[in-house]
Amino acid sequence: MALPPRIYCQVASVPFVLFGDYEEMGIKEYWIVDYQPFGAGKFVGEPKQPTISVCSLIGDEYEINQFRDNEPIISQIFPELKLTAHQILLTAD
């Protein structure tokens, strides 16, 4: 049996989230890069602003952490990562 991917990244151009499917597959981390932002306030805040949501699988459910502007991205899969949300979102322009 093949192991599930450890991480899945989605660049959002429309609201599109498959949490239940990814949780069931055991994908440890799921990133949503919503650069426009199209997502629901749950994912991009209010007022809506470009956001990176990092969903970490804790037990059998995702815990969602959101990062914006110059906030450093915190990842369980990449603990040595030294990027801010701004640095990632800048490449979308």
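Read on for a plain summary of the structure.

About the criteria used
- Residues numbered from 1 in each chain as written.
- Predicted model: local features only at pLDDT ≥ 70, side-chain atom pairs only at ≥ 80, totals over all residues.
- Heavy atoms only, no water.
- Helix = DSSP H or I, 4+ residues; strand = E, 2+ residues; numbered from the N terminus.
- Buried < 20%, exposed > 50% of the residue type's maximum accessible area, 1.4 Å probe, protein only.
- Contact = heavy atoms within 4.5 Å.
- Areas by Shrake-Rupley, 256 points an atom, 1.4 Å probe, with all protein chains shown as cover.
- Polar contact = N/O pair within 3.5 Å; in protein donor to acceptor, adjacent residues only side chain to side chain.
- Phe/Tyr/Trp six-rings, centres within 6.5 Å; stacked < 30°, edge-to-face > 60°.

1. What to know about the overall build of the protein chain
Part 1: Assigned secondary structure in the protein chain consists of three helices and four strands.
Part 2: N-terminal to C-terminal, the α/β element order of the protein chain is β-α-β-α-β-β-α.
Part 3: Across the 93 residues in the protein chain, those meeting the buried criterion constitute 37%.
Part 4: When contacts within the protein chain are restricted to residue pairs at least 6 apart in sequence, long-range pairs at least 24 apart make up 31% of them.
Part 5: As presented, the protein chain carries roughly 6,000 Å² of accessible surface, and 57% of it is formed by carbon and sulfur atoms.

2. Comments concerning the side chain of Ser75
Part 1: By the element assignment, Ser75 lies in the loop between strand S4 (61-67) and helix H3 (85-90).
Part 2: A distance of 2.5 Å separates the side chain of Ser75 from the side chain of Glu29, its partner in a polar contact.
Part 3: Polar side-chain contacts of Ser75 include one of 3.2 Å to the backbone nitrogen of Ile77.
Part 4: Not counting residues up to four positions away in its chain, the partners in contact with Ser75 are Glu29 and Trp31.

3. Overview of the environment of Cys9
Part 1: Among the secondary structure elements, Cys9 is positioned in strand S1 (residues 7-11).
Part 2: Remark: the alpha-carbon pair of Cys9 and Trp31, spanning 22 residues in sequence, is separated by 4.6 Å.

4. Notes on the packing of aromatic side chains
Part 1: A full pass over the atoms with the stated rule returns two aromatic pairs.
Part 2: Ring geometry for Tyr22 against Tyr30: centres 4.7 Å apart, planes inclined by 75°, an arrangement best described as edge-to-face. The pair formed by Tyr22 and Tyr30 is uniform in burial state, with each residue classed as buried.
Part 3: Taking the centre distance of 6.2 Å and the plane angle of 45° together, the rings of Tyr30 and Tyr62 count as tilted. A residue pair is termed long-range when its members are at least 10 positions apart, and Tyr30 in strand S2 (residues 29-34) and Tyr62 in strand S4 qualify at 32 residues.

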